[in-house]
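Secondary and tertiary structure notes
Here's the letter readout for the chains.
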Amino acid sequence: MNNIPPLDLKRQYQVIGAQVSAAVQEVLTSGYYIGGSPVKSFEQQFAAYLGTAEGVGCNSGTDALYLALRALQIGPGDEVITTSFTFIATAEVITAVGAKPVFVDIDAATFNLDITKIAGAITEKTKAIIPVHLFGQPVDMDAIMSLAQAHDIVVIEDCAQAAGARWRGKKVGSIGHLGCFSFFPTKNLGACGDGGAVVTNDENLAASIRMLKAHGSNQRYYHEATGINSRLDALQAAILSIKLAYLDQWNDARRQLAATYQQLLQPLPEVVVPQETPNAHAVWNQYTIRLTKDSSSSSDRDQVRNQLQQRGVISMVYYPIPLHLQPVYQNLGYQPGDLPVTEQVCHQVLSLPMFPELSLEEQQQVVYALKDCF
Ligand SMILES: *Cc1c(COP(=O)(O)O)cnc(C)c1O
């Protein structure tokens, strides 16, 4: 039997390949590879899909977050609250602009920021919160927005893993002041290379981001700020326009797969499955279970992972080390035990194969293999 990969983009390409090739050919023959109509149309389509006034393409999700912070003029002396249980980029951009990340513990059931612990982390230096809709599960945006309003701080949604997810019917990215997306190939809406976008309803912020991503320039060879070069390529934009039309159906397939996993995994007492929270429409970029038999060490989890691999199932660990305990953040002074839920979850998590084209037979094989491990 073939190995079951965590993700197989070849299968997606088999379906949309002809359309993608035609769009790529069109850009190639046009002779215009930077900016132009493919980028403009994708920016408009993506903003329309999310329900925001503005969409600005850029080179990556990391740049999207960086540009958002820069547009808000967040820098040295400022604090930004976020989660420690995320990909490094979320916090990396905070330090890149010279501000200080302040990590708040998570809720084990959602893997997202624990709403009840945010207020205690707010100081007079807090300028922004970056909630991450991790694995495609929306954060409680009602709670985030009312905290932000009460303390006059800005909300930058990290939607890298949650394109198309909704909170109370509203697409994530359209609820906070700014929404940041990644089009890295493994995301729900992925390019064939790097890409990202910032969306907002604030015209001034959008204008700042357009200026900063183009070397701090609105007018050619006139520079008003130290910017960067961060472009969404015309080729990637053309590909993303094709793929955007499929996003909802792919997300529906992910939701169906999640429901099937939940049903198949129910009889396993060692496994805690992720649950969609009330008001949330999750899009399951990852389907991440927790192995709760031995919560004190990751060796049990890693053993299960190895056994699964022997049975042809490739699982992943997102994320083995929380950001507050990473070598790069030693200077922030966090100690083991500071964020107990985050630290425990890092030992327990295992992400199972999840992509829209995964078959029921494969899911069954994953679950049989998992049952064999206990
Ligand atoms: C992927 C990801 C990013 C960064 O996106 P890139 O396009 O890889 O730069 C940021 N935050 C989260 C949560 C991500 O998963």
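Anyway, here's the lowdown on the structure attached to this text. None of these values were measured; they are calculated from a predicted model. (Residues numbered from 1 in each chain as written. Predicted model: local features only at pLDDT ≥ 70, side-chain atom pairs only at ≥ 80, totals over all residues. Heavy atoms only, no water.)

**Considerations on the overall build of the protein**
- Within the protein, the secondary structure is distributed over 11 helices and 15 strands.
- Against the 2.2 N^0.38 benchmark of 21 Å for 374 residues, the protein shows a C-alpha radius of gyration of 21 Å, consistent with a compact globule.
- When the backbone C-alpha atoms are referred to their principal axes, the protein occupies close to 65 × 55 × 35 Å.
- With 374 residues in all, the protein has 54% of them scored as buried.
- When the accessible area of the protein is evaluated, it comes to approximately 16,100 Å², of which 50% is carbon and sulfur surface.
- The distance from the centre of the 26 positive side-chain charges to the centre of the 35 negative ones in the protein is 3 Å. (Helix = DSSP H or I, 4+ residues; strand = E, 2+ residues; numbered from the N terminus. Rg over C-alpha atoms; globule rule 2.2 N^0.38 Å. Buried < 20%, exposed > 50% of the residue type's maximum accessible area, 1.4 Å probe, protein only. Areas by Shrake-Rupley, 256 points an atom, 1.4 Å probe, with all protein chains shown as cover. Lys, Arg positive; Asp, Glu negative; His and termini not counted. Charge placed at Lys NZ, Arg CZ, Asp CG, Glu CD.)

**With respect to the side chain of Gln137**
- Mapped onto the elements, Gln137 comes out in the loop between strand S4 (126–130) and helix H5 (141–151).
- Gln137 sits in the buried class, given a relative accessible area of 3%.
- A distance of 3.4 Å separates a polar side-chain atom of Gln137 from the backbone nitrogen of Thr277.
- The contact partners of Gln137, leaving out residues within four places of it in the chain, are Thr110, Asn112, Gln275, Glu276, Thr277, Ala280, Ala282 and Trp284. (Polar contact = N/O pair within 3.5 Å; in protein donor to acceptor, adjacent residues only side chain to side chain. Contact = heavy atoms within 4.5 Å.)

**A few points about the site of the ligand**
- The ligand sits among 14 residues. The nearest are Gly61, Thr62, Gln161, Ser182 and Lys187.
- Measuring from an oxygen atom of the ligand, one finds a backbone N or O atom of Gly61 at 2.8 Å.
- Contacts to the ligand include Asp158, whose side-chain N or O atom sits 2.8 Å from a nitrogen atom.
- By residue number, the principal contributor to the shell around the ligand is helix H3 (residues 61–71), which donates three residues.
- Residues belonging to the shell around the ligand are distributed by class as follows: five nonpolar, seven polar and two charged. (Near = heavy atom within 4 Å. Nonpolar A, V, L, I, M, F, W, Y, C, P; charged D, E, K, R; others polar.)

**A short note on the nonpolar core**
- One finds Phe85, Leu265, Tyr287, Ile289, Leu352 and Leu370 to be the most contacted residues of the largest nonpolar core, which totals 38 residues.
- Of all the secondary structure elements, the ones that give two or more residues to this core are helix H8 (247–265), strand S14 (287–291), helix H9 (299–310), helix H10 (340–348), strand S15 (349–352) and helix H11 (360–372).
- Not counting residues up to four positions away in its chain, the partners in contact with Phe85 are Ile106, Phe111, Leu134, Phe135, Tyr318, Tyr319, Thr342, Val345, Cys346 and Val349.
- Formed by 33 residues, the second largest nonpolar core is a distinct cluster that contains Phe42, Ala234, Ile239 and Leu240. (Core = buried A, V, L, I, M, F, W, Y, C linked by side-chain atoms within 4.5 Å.)

**Some points on the sheet that holds S15**
- One open sheet holds the three strands; their spatial order is S12-S14-S15, and the pairing between them is antiparallel. Across the chains shown, the open sheet's two edge strands, defined by having one partner strand only, are strand S12 (271–272) and S15.
- Two elements, S14 and S15, share four bridges in a ladder whose sense is antiparallel. Pairing of Ile289 across the sheet is with Leu350, part of S15.
- Against the sheet, H8 touches S12, S14 and S15, its axis set at about 20 degrees to S14.
- Together, S14 and S15 form the strand contacts of H9, whose direction differs from that of S15 by roughly 20 degrees. (Pairing = 2+ DSSP bridges. Axes fitted to C-alpha atoms, helices over the stretch in contact; angles between N-to-C directions.)

**Some points on the pairing of S14**
- Summarising burial for S14: five of the five residues are buried, a large majority.
- Of the two faces of S14, the one holding Tyr287, Ile289 and Leu291 and the one holding Thr288 and Arg290 are both buried throughout.
- Where S12 lies against S14, two bridges are found, and the strand directions are antiparallel. Note on S14: the bridge partner recorded for Val272 is Arg290.

**Considerations on the packing of H3 against helix H6 (residues 203–213)**
- Put simply, H3 and H6 touch, their axes get as near as 9 Å, and they point 115 degrees apart. Every pair of crossing elements has a handedness; the one defined by H3 and H6 is right-handed. Contacts from Leu67, Ala68, Arg70 and Ala71 of H3 reach H6 at Leu205, Ser208, Ile209, Leu212 and Lys213.
- Residue classes in the contact of H3 with H6 are distributed as six nonpolar, one polar and two charged. (Left-handed = near helix turned anticlockwise from the far one by under 90°.)

**Digging into the pattern of salt bridges**
- Applying the stated criterion to the full structure yields 12 salt bridges.
- Of the charged contacts in the structure, one is a salt bridge between Glu362 and Arg11, with a shortest N-O distance of 2.8 Å. Of the two residues, Glu362 sits in helix H11 while Arg11 sits in helix H1 (residues 9–30), which places them 351 residues apart along the sequence.
- We note a salt bridge from Asp114 to Lys117, for which the minimum N-O separation is 3.4 Å.
- On the basis of relative accessible area, Lys117 is assigned to the partly exposed category, the value being 36%. (Salt bridge = Lys/Arg side-chain N within 4 Å of Asp/Glu carboxyl O.)

**Considering helix H4 (residues 89–96)**
- Where H4 is concerned, the buried positions are Ala89, Thr90, Ala91, Val93 and Ile94.
- The secondary structure elements touched by the buried residues of H4 are H3, strand S2 (79–83), strand S3 (100–104), S4 and strand S5 (154–158).
- Note on H4: the residue one or two positions beyond its end, Gly98, has a positive phi of about 90 degrees.

Nothing here speaks to function; it is all geometry.
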